[in-house]
Amino acid sequence: MPTSAQILGKFAAELAYPDIPPIVVERAKDCIIDTVAAGRFGAQFPWSRMVADYACRYGSGGPCTIIGTSTRVHAPYAALANGVNIHAFEQDNGHHPSIGAHGGATVLPAVLAACEESNADGQTAITAFVAGCEVMFRIGAASHHSPEKLGFHAPGLSGPYGAAVAAGRALGHDAKQIAHALGIAGSLSSGLLAFSKSKQGGMVKRLHLGRACESGVLAARLAGDGYTGPETVLDGKFGYLEVYCRDGDATLLTKDLHQKWETLGISLKPYASQGNTHSPIQSLRELMAEHAFAGTDVKGLVVEGSDRLLSHQNIRDPGDIMQAQYSVPFCVALALFRDPQDPNSFVDGALDDPAIRAMCHNIDLRAGNFSGRSSRVTVRLKDGREYTRQTDIIKGWPSHPFSRIELRQRFMFTATSDADDAAHILERLEHLETAPRFSLPEFARASEP
């Protein structure tokens, strides 16, 4: 009787591009476009540059791209740096419903590194990306998102599995090799939520995603050379579901393979902040537009949501911008005074803005009977008016996706360098399935005369 890891390894190894429904291909490409944009924007920050410098110090001379730079390094170091770049500013995509897995930030860097190393084409890249997402999202779902209740940062745990599968598929590994890569990846999971309860050290949150990508490449390469890992890594004794989770459901690990495509559950982010901040931000901005009030008109707010808002994200005085982007009070306060759709709103002095800082202490967080990321916002104005709105569906979710125009605008909006270069890359990503080789520098040059 095959184990879950062996079933998933067989699925990934045998998945071929023609097997993937066109709607799934399109969602995967949208995610890839959104992820590259996040990486290009994220490359500018000090925490990204430090990891890129580390990658160059120890990995120089390789064929693989660090997104947002002209640097080339060896595959594991490229995957590390790109995972950090993509997660650098809370813009990378997730999954709806939330399952503690980031398809873009943990799967794409492994795909890109493996494809650039092996000269794989666009169809291989898409197939590997979908394979990694299908496996990783099932692993996340099986956990019932319980690792974070124990203090683990879930994407750091689920990410190595997705990255290992994706890299293995891009490198052409067989079912047994990918199953062993999963077994190896299980011993490379890491990431604590200590950053959410500290005054400093938020940079480490970005590193969790980079390490997941690097671990996936390591696991895939070792498995390809014959290194083995436990076949019971996911659902056996001392496996993932037993050690990192509470009340996990092993049946979800392999449920509906080839029938239900979890890649369609990818959700894109409208704001550069943690996903639980999005529904109150959306409610607030809709109320501001509808009733024509500004942040200076507001006396206070009440935000009602799941108990996670109080247990994890009730951060009144964030010590750095990383912690601020994880804070519900801070992000809601910022949305009163700045445009939250512009990622630069979180960059330019936001942490020291006295109006935002003061409003953080006038926001009352309450836990209620809300599922997932639903929330309700009540705004109390200084003139006595009061408005309430509940949001259950967030822009960017599969049921409420960005249009093609919105996706293109987001890509160009986050371009921090030459706009023509960004446009060239975007055009090639939109037709990734036709690319003879998946390499971002070549995409940038492809449309030049």
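This text goes with the structure placed above it.
Residues numbered from 1 in each chain as written. Predicted model: local features only at pLDDT ≥ 70, side-chain atom pairs only at ≥ 80, totals over all residues. Heavy atoms only, no water.

Visitor: What should I look at first to understand the overall build of the protein in this one?
Guide: Helix and strand counts for the protein come out as 18 helices and eight strands. On C-alpha atoms alone, the protein measures out to a radius of gyration of 21 Å, which is about the 22 Å that the 2.2 N^0.38 rule sets for 449 residues. Taken along the three principal axes of its C-alpha coordinates, the protein extends 70 × 55 × 40 Å. In the protein, which comprises 449 residues, the proportion classed as buried is 59%. Here the contacts in the protein between residues at least 6 apart in sequence split such that 76% fall between residues at least 24 apart. Accessible surface, the protein: about 16800 Å² in total, of which carbon and sulfur atoms supply 51%. Computed over 42 positive and 48 negative side-chain charges, the inter-centroid distance for the protein is 4 Å. (Helix = DSSP H or I, 4+ residues; strand = E, 2+ residues; numbered from the N terminus. Rg over C-alpha atoms; globule rule 2.2 N^0.38 Å. Buried < 20%, exposed > 50% of the residue type's maximum accessible area, 1.4 Å probe, protein only. Contact = heavy atoms within 4.5 Å. Areas by Shrake-Rupley, 256 points an atom, 1.4 Å probe, with all protein chains shown as cover. Lys, Arg positive; Asp, Glu negative; His and termini not counted. Charge placed at Lys NZ, Arg CZ, Asp CG, Glu CD.)

Visitor: Looking at this structure, how should I read the side chain of Asn93?
Guide: You can see Asn93 is positioned in the loop between helix H4 (75–87) and strand S3 (94–95). Asn93 sits in the buried class, given a relative accessible area of 0%. A polar atom in the side chain of Asn93 sits 3.0 Å from the side chain of Asp34. Sequence-distant contacts of Asn93, defined by excluding residues within four places in its chain, comprise Cys31, Asp34, Thr35, His102, Gly103, Gly104, Ile266, Ser267 and Leu268. (Polar contact = N/O pair within 3.5 Å; in protein donor to acceptor, adjacent residues only side chain to side chain.)

Visitor: Whenever I open this one, the packing of helix H2 (residues 22–42) against helix H17 (residues 419–430) confuses me. Can you help?
Guide: The description of two helices packed together rests on the angle between their axes and the distance between the axes. Relative to each other, H2 and H17 sit at 160°, their axes nearing to 9 Å. What the angle tells us is that H2 and H17 run roughly antiparallel. Read as a crossing pair, H2 and H17 show a hand that is right-handed. Contacts between H2 and H17 involve Lys29, Ile32, Ile33, Val36 and Arg40 on the former and, on the latter, Asp421, Ala422, Ile425, Leu426, Leu429 and Glu430. (Axes fitted to C-alpha atoms, helices over the stretch in contact; angles between N-to-C directions. Parallel < 35°, antiparallel > 145°, perpendicular 65-115°, else oblique. Left-handed = near helix turned anticlockwise from the far one by under 90°.)

Visitor: It is not clear to me how the environment of Ile184 should be interpreted in this structure. Could you clarify?
Guide: You can see Ile184 is positioned in helix H8 (residues 175–185). A C-alpha to C-alpha distance of 7.8 Å links Ile184 and Ala223, two positions 39 residues apart in sequence. Setting aside its immediate chain neighbours within four residues, Ile184 contacts Ala219, Leu222, Ala223, Tyr227, Thr228 and Gly229.

Visitor: Sorry, what's going on with the packing of helix H7 (residues 154–170) against H8 here?
Guide: Relative to each other, H7 and H8 sit at 150°, their axes nearing to 9 Å. Between H7 and H8, the crossing angle belongs to the class labelled roughly antiparallel. In this structure, the crossing between H7 and H8 has a hand that is right-handed. Here Pro160, Tyr161, Ala164, Val165, Gly168 and Arg169 of H7 come into contact with H8, specifically with Ile178, Ala181, Leu182 and Ala185.

Visitor: In this structure, what is going on with the pattern of salt bridges? I would like to understand it.
Guide: Here the idea is simple: oppositely charged side chains can pair when their charged atoms come close. Evaluated as defined, the whole model comprises 26 salt bridges. A salt bridge links Lys260 to Glu262, with the shortest nitrogen-to-oxygen separation between them at 3.5 Å. Residue class for Glu262 comes out buried when judged on its relative accessible area of 14%. Glu286 is the salt-bridge partner of Arg389, the closest N and O atoms lying 3.4 Å from each other. Of this pair, Arg389 sits in strand S8 (residues 386–391) while Glu286 sits in helix H11 (residues 278–291), placing them 103 residues apart in sequence. Each of Glu26, Lys29, Asp30, Arg404 and Glu433 takes part in a single network of salt bridges with overlapping partners. (Salt bridge = Lys/Arg side-chain N within 4 Å of Asp/Glu carboxyl O.)

Visitor: Got a minute to help me understand the pairing of strand S1 (residues 60–65) in this structure?
Guide: Successive side chains on a regular strand alternate, one facing one side of the sheet and the next facing the other. Summarising the sheet, S1 and strand S2 (residues 72–73) pair through three bridges and their orientation is antiparallel. Looking across to S2, one finds that Ser60 is bridged to Val73. In sequence, S1 turns back onto S2 through a hairpin of six residues, with Gly68 there showing a positive phi of about 85°. (Pairing = 2+ DSSP bridges.)

Visitor: Can you walk me through the sheet that holds S8 in this structure?
Guide: The strand order S6-S5-S7-S8 describes an open sheet built from four strands, whose pairing is mixed. Sheet topology places strand S6 (363–367) and S8 at the edges, where each strand pairs with a single neighbour. Strand-to-strand, the axes of this sheet are offset by a mean angle of 15°, without reference to chain direction. The pairing of strand S7 (residues 375–381) with S8 spans six bridges and is classified as antiparallel. Residue pairing in the sheet places Thr378 in a bridge with Thr388 of S8. Relative to S8, H11 is tilted by about 135°, and along the sheet it contacts strand S5 (298–305), S7 and S8.

Visitor: So what exactly am I meant to see when it comes to the environment of Val24 here?
Guide: The topology assignment puts Val24 in helix H2. When its relative accessible area of 1% is taken as the criterion, Val24 is described as buried. Spatially, the C-alpha atoms of Val24 and Leu264 are 6.0 Å apart, while their sequence positions differ by 240 residues. Aside from chain neighbours lying at most four places away, what touches Val24 is Val130, Trp261, Thr263 and Leu264.

Visitor: Where do I start with the nonpolar core in this structure?
Guide: A general feature of soluble globular proteins is that nonpolar side chains tend to end up buried together. The biggest cluster of nonpolar side chains holds 97 residues, and the ones touching the most others in it are Phe129, Leu429 and Phe438. The leading source of residues in this core is helix H6 (residues 122–142), at twelve residues. The residues touching Phe438, leaving out its near neighbours within four places in the chain, are Leu108, Val111, Leu112, Cys115, Glu116, Ala120, Asp121, Ala125, Leu429, Leu432 and Phe443. Residues Ala88, Cys331, Phe346 and Cys360 belong to the second largest nonpolar core, which totals 39 residues. (Core = buried A, V, L, I, M, F, W, Y, C linked by side-chain atoms within 4.5 Å.)

Visitor: Explanation requested: the packing of aromatic side chains in the structure shown.
Guide: What characterises a pair of aromatic rings is the spacing of the ring centres plus the angle enclosed by the ring planes. Across all of its chains, the model carries twelve aromatic pairs by this definition. Taken together, a centroid distance of 5.6 Å and an interplanar angle of 75° make the contact between Tyr161 and Tyr240 edge-to-face. Of the two residues, Tyr161 is situated in helix H7 and Tyr240 in helix H10 (residues 240–243); the sequence distance between them amounts to 79 residues. Classification of Tyr161 as buried rests on a relative accessible area of 0%. The class for Tyr240 is buried, based on a relative accessible area of 3%. Note on Tyr240 and Tyr244: the rings are 6.1 Å apart at their centroids and 45° apart in plane angle, and the pair reads as tilted. Comparing Tyr240 with Tyr244 shows no difference in burial state: the two are buried. Here the aromatic residues Phe41, Phe45, Trp47 and Phe89 are joined through ring pairs into a cluster of three or more. Stacked on the ring of Phe443, the Lys or Arg Arg428 has its end atom at 4.9 Å from the ring centre. (Phe/Tyr/Trp six-rings, centres within 6.5 Å; stacked < 30°, edge-to-face > 60°. Lys NZ or Arg CZ within 6 Å of the ring centre and 35° of its normal.)

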